[in-house]
Amino acid sequence: MKHYLEQELEDLLKADGKLFKFIQNHSLDGMWYWDLENQNEEYMDQRFWHVLGYDPKTKKHSPQEWIELIDPEHLELAKDNLSKHLEDENHPYDQVVRYKHKSGKDIWVRCRGIAIRDNNGKPIRLLGCHNDITDLKEREIESQEMLMSYKALVETESLFYIKTDVQGNYTYANNCFLNRFGYKLEDIIGKSSMCSIIEEDHPKTFKIVAKCFAEPNIPHSIILRKPYKDGLTRSNHWEFYGITDNNNDVIEIVCIGVEITELVDRSIQLQRLLDVEADKNDRLQQHSYITSHNIRNSVANMVGLVDMIEDDPDNLKEYVDMMKSSVHALDATLKNLTKLLTEEKEAEFAQLENINVTDALKRIIALETGEISNLNANIEINGPENIILKTLPVFFDSIFHNLISNALKYGINNTSNLIEVNIGYEDENLFIEIKDFGDGFNLPNNAELLFRLGTRLDSNKIGQGLGLFITKHHAKTIGANIAVTSIEGKGAAFKVIWND
């Protein structure tokens, strides 16, 4: 038995055409009514043509009008469904088809119909309705495209993709991540993601995760170092996302990463080159200051001596001896300047070379044969003889020529004529130590003061405070540091230690 409101609505629809129009205009995007006995005649509601961007007045009530606008594949789908529906009333005539709007845009329409049959069950009419579902379909297509992009992202072999729960335990990892780090998915699910990050990077990882909770659904970038399955540690750039639920609570962390080891290495190398250039410029500037100062002093002294000779020619020999000292000082200043400039220039074009450390030191010591003989000094080389070092030979020679020369100058006295050249390893880092047992010196609290431009170990000895300054910076250029130990009356040791 029908509900009284249902019966009442049916009676109203029969009696009042406005109600039918209301339903037609507000629940449908066009009705159609097709004469199956005269198939060139089909009534099409005006709203359908408005949906497609056409003026209904320009369109005939003929199926040929819409056939020209429907996608050919979808037309075949509609024909197939119609054929099945006409044969079997239980088969629904219901499909989504694509039309072409007058502007060229795709319009998606849901088309449904029902056959009206005569007393013998023969279909004679077809009543149907249209619903414009373009917005819904476009969102569906967009979702599918996003899904495909997401799938491509997850399956790529160039990007890492992982997910963790809010405790940081793995919930997913793509094949790129698993293959590169040597994991199996079943082995890491539920385990802490921190196990694949080196310990030194844990603090900044915690900070970036905290940002994901404070500012979810936006990327937070970080560079992390991870140990790969080949045993090497490489740098990755990651973007962390805090994913939220409907309550805006973070429920998981999504991480997308890419390896940037080569880029990081190049950046470090570039920064080192910039540091070296800045250091070189600073060195040359400081050197020019002291050189200018020494030249001015020597020239001023010689001018004064010339005036003294003119005023007191009887003491010429004494003044000439003093003039010689000034000339020698000026000559030493110019030689040092030339030496520094030459070495800096050679280093610009120098290539790293493998040298035998012991052989190189023996060659440098041989250059001091005259001074060694004059002082009756004894230089011993202690340590393995087969160590090969890849370095810039011009700077290696400069460093140890200066240190051995200083040892001969300051480390030989009446009680000791021994200089030791000790070669070895300290915490797996190569070192070469030049050690004497002479007078030594009072080591300042800050040993770096020894390497300042103009610093001299002994004011009673001839020198200009350039040797250790140059030596320190040459050591830095080839990746080494210099450690100094000294006790007055017991000697001094300069140990050159390579960082790598």
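Once a new chain begins, its residue numbering starts again from 1 and follows that chain's sequence as written. Reporting of local features is limited, given that this is a predicted model, to residues whose pLDDT is at least 70; pairs of side-chain atoms are given and counted only at 80 or more, and all residues count toward the totals for whole chains, interfaces and linings. Side-chain metrics in this entry use all non-hydrogen atoms of the structure; hydrogen atoms and water are not considered.

Novice: Break down the pairing of strand 3 (residues 93-100) for me, with residues and values.
Specialist: Side-chain alternation along strand 3 places Tyr-93, Gln-95, Val-97 and Tyr-99 on a buried face and Asp-94, Val-96, Arg-98 and Lys-100 on a face that remains uncovered. The pairing criterion for strands is at least two bridges between them, as found by DSSP. Strands are runs of DSSP state E lasting at least 2 residues, helices are runs of H or I lasting at least 4, and numbering of each runs from the N terminus. Across 8 bridges, the pairing between strand 3 and strand 4 (residues 106-117) is antiparallel. Across the sheet, the residue bridging to Arg-98 is Trp-108, located in strand 4. Linking two consecutive strands that pair antiparallel, namely strand 3 and strand 4, is a turn of 5 residues; a positive phi of about 100° is found at Gly-104 within it. Think of it in three bands: residues with accessible area under 20% of the maximum for their type are buried, residues over 50% are exposed, and the middle band is partly exposed, with areas taken using a 1.4 Å probe on protein chains only.

Novice: Provide a residue-level description of the confidence of the model for the protein, including the pertinent values.
Specialist: pLDDT: the predictor's confidence for each residue, scored from 0 to 100. Taken as a whole, the protein shows an average pLDDT of 82; of its residues, 80% reach a score of 70 or greater. It only takes one pair of heavy atoms within 4.5 Å for two residues to be counted as in contact. pLDDT under 50 marks residues 459-464. Its contacts with residues more than four places away, or in other chains, come to 14 contacts.

Novice: So what about the packing of aromatic side chains? Which residues, and what values?
Specialist: Side-chain rings of Phe, Tyr and Trp, where Trp is taken by its six-membered ring, are said to pair if the distance between their centres is within 6.5 Å; with planes under 30 degrees apart they count as stacked, over 60 as edge-to-face, and otherwise as tilted. In this structure the tally under the stated criterion is 17 aromatic pairs. Judged by centre distance (6.1 Å) and plane angle (65°), the rings of Tyr-161 and Tyr-172 are edge-to-face. Taken together, the residues Tyr-161 in strand 6 (residues 160-164) and Tyr-172 in strand 7 (residues 170-173) connect sequence positions 11 residues apart. Ring centres of Phe-177 and Tyr-183 lie 5.9 Å apart, and the angle between their planes is 40°; this geometry places the pair in the tilted category. Its relative accessible area of 25% is what places Tyr-183 among the partly exposed residues. Of the aromatic side chains, those joined through ring pairs into one cluster are Phe-160, Tyr-170, Phe-177, Phe-181, Tyr-183, Tyr-228 and Trp-238.

Novice: So what's going on with the packing of helix 12 (residues 357-366) against helix 14 (residues 393-410)? Residues and values would help.
Specialist: Every axis corresponds to a line fitted to the C-alpha atoms, with the helix fit spanning only the stretch in contact, and the corresponding angles, defined between N-to-C directions, vary from 0 to 180 degrees. Contact pair helix 12 / helix 14: the axes reach a minimum separation of 10 Å and the direction vectors enclose 55°. Taken as axis vectors, helix 12 and helix 14 run oblique relative to one another. You can see that helix 12 and helix 14 cross each other, and the crossing is right-handed. Two secondary-structure elements touch here, helix 12 through Val-357, Ala-360, Leu-361, Arg-363, Ile-364 and Ile-365 and helix 14 through Phe-396, Asp-397, Phe-400, His-401 and Ile-404. Lys, Arg, Asp and Glu make up the charged group, whereas Ala, Val, Leu, Ile, Met, Phe, Trp, Tyr, Cys and Pro make up the nonpolar group; the residues left over, Gly among them, are polar. Along the lines of polarity and charge, the residues of the contact of helix 12 with helix 14 split into 8 nonpolar, 1 polar and 2 charged. If an angle is under 35 degrees, it is roughly parallel; if it is over 145, roughly antiparallel; if it lies from 65 to 115, roughly perpendicular; otherwise it is oblique. A crossing counts as left-handed when the near helix is turned anticlockwise from the far one by less than a right angle, and as right-handed when that turn is clockwise.

Novice: Go over the pattern of salt bridges with me, naming the residues and quoting the values.
Specialist: Basic side-chain nitrogens of Lys or Arg form a salt bridge, by our definition, when they fall within 4 Å of a carboxyl oxygen of Asp or Glu. Evaluated as defined, the whole model comprises 16 salt bridges. Ionic pairing is found between Glu-65 and Lys-59, a salt bridge with its closest N-O pair at 3.4 Å. Like Glu-65, the residue Lys-59 is buried in the burial classification. Here Lys-84 ties to Asp-80 by a salt bridge, and the two come within 3.2 Å at their closest N and O atoms.

Novice: Give me the sheet that holds strand 3: which residues, what numbers.
Specialist: If you walk across this open sheet you meet the 5 strands as 2-1-5-4-3, and the pairing is antiparallel. One side of each edge strand has no neighbouring strand; the edge strands of this open sheet are strand 2 (42-44) and strand 3. Recorded for the sheet is a direction-independent mean angle of 25° between the axes of neighbouring strands. Packing of helix 5 (residues 72-87) onto the sheet brings it into contact with strand 1 (31-35), strand 3, strand 4 and strand 5 (123-132), and relative to strand 3 it is tilted by some 160°.

Novice: Please give an account of the environment of Ser-196 that cites residues and values.
Specialist: Position of Ser-196 among the secondary structure elements: in the loop between helix 8 (185-188) and helix 9 (202-214). Taking the C-alpha atoms as reference, Ser-196 lies 5.9 Å from Lys-226; in sequence the two are 30 residues apart. For Ser-196, the side chain forms a polar contact with the main-chain oxygen of Ser-193, separated by 3.1 Å. The definition of a polar contact used here is a pair of N or O atoms within 3.5 Å, where within protein one atom must be able to donate a hydrogen and the other to accept one, and adjacent residues in sequence count solely through side-chain atom pairs.

Novice: So what about a nonpolar patch on the surface? Which residues, and what values?
Specialist: In this analysis, a patch consists of residues with relative accessible area above 30% that form no salt bridge, clustered at 9 Å for like charges and at 5 Å for the nonpolar side chains Val, Leu, Ile, Met, Phe, Trp and Tyr. With residues, only the protein chains shown are counted as cover, and all accessible areas are computed by Shrake-Rupley using a 1.4 Å probe. Together, Tyr-33, Tyr-43, Ile-114, Ile-116 and Leu-127 give the surface a local cluster of nonpolar side chains, amounting to about 420 Å² of exposed area. Tracing the backbone shows Tyr-43 in strand 2. Judged by relative accessible area, which is 38%, Tyr-43 ranks as partly exposed.

Novice: Account for the pairing of strand 9 (residues 233-244), naming residues and giving values.
Specialist: Examined bridge by bridge, strand 8 (residues 220-227) and strand 9 share 8 bridges and lie antiparallel to one another. Note that in strand 9 the partner of Arg-225 across the bridge is Ser-235. Hairpin connection of strand 8 to strand 9: 5 residues between the antiparallel strands, including Gly-231 at a positive phi of 90°. With 9 bridges joining them, strand 9 and strand 10 (residues 250-259) adopt antiparallel strand pairing.

Novice: Lay out unusual backbone geometry with the relevant residues and their values.
Specialist: Despite not being glycine, Asn-248 has its phi angle at roughly 65°, a positive value. Counting through the fold element by element, Asn-248 comes out in the loop between strand 9 and strand 10. Despite not being glycine, Asp-427 has its phi angle at roughly 55°, a positive value. With respect to the secondary-structure elements, Asp-427 resides in the loop between strand 14 (418-426) and strand 15 (429-436).

Novice: Give me the lowdown on the sheet that holds strand 17 (residues 491-498), citing residues and values where you can.
Specialist: Judged by pairing direction, the sheet is mixed, and its 5 strands sit side by side in the order 12-14-15-17-16 without closing on themselves. The strands lining the two open edges of the sheet, one partner per strand, are strand 12 (378-382) and strand 16 (480-487). This sheet shows a mean twist of 15° between the axes of neighbouring strands, independent of strand direction. Across the sheet, helix 14 is in contact with strand 12, strand 14, strand 15 and strand 17; its angle to strand 15 comes to roughly 25°.

Novice: Tell me what's going on with helix 14, and back it up with residues and numbers.
Specialist: Owing to its 3.6 residues per turn, the α-helix aligns residues three or four sequence positions apart on the same side. Compared with the 26 Å implied by 1.5 Å per residue over 18 residues, the 26 Å span of helix 14 between its first and last C-alpha is a close match. Summarising burial for helix 14: 15 of the 18 residues are buried, a large majority. A helix's residues, less one, multiplied by 1.5 Å, set its expected span.

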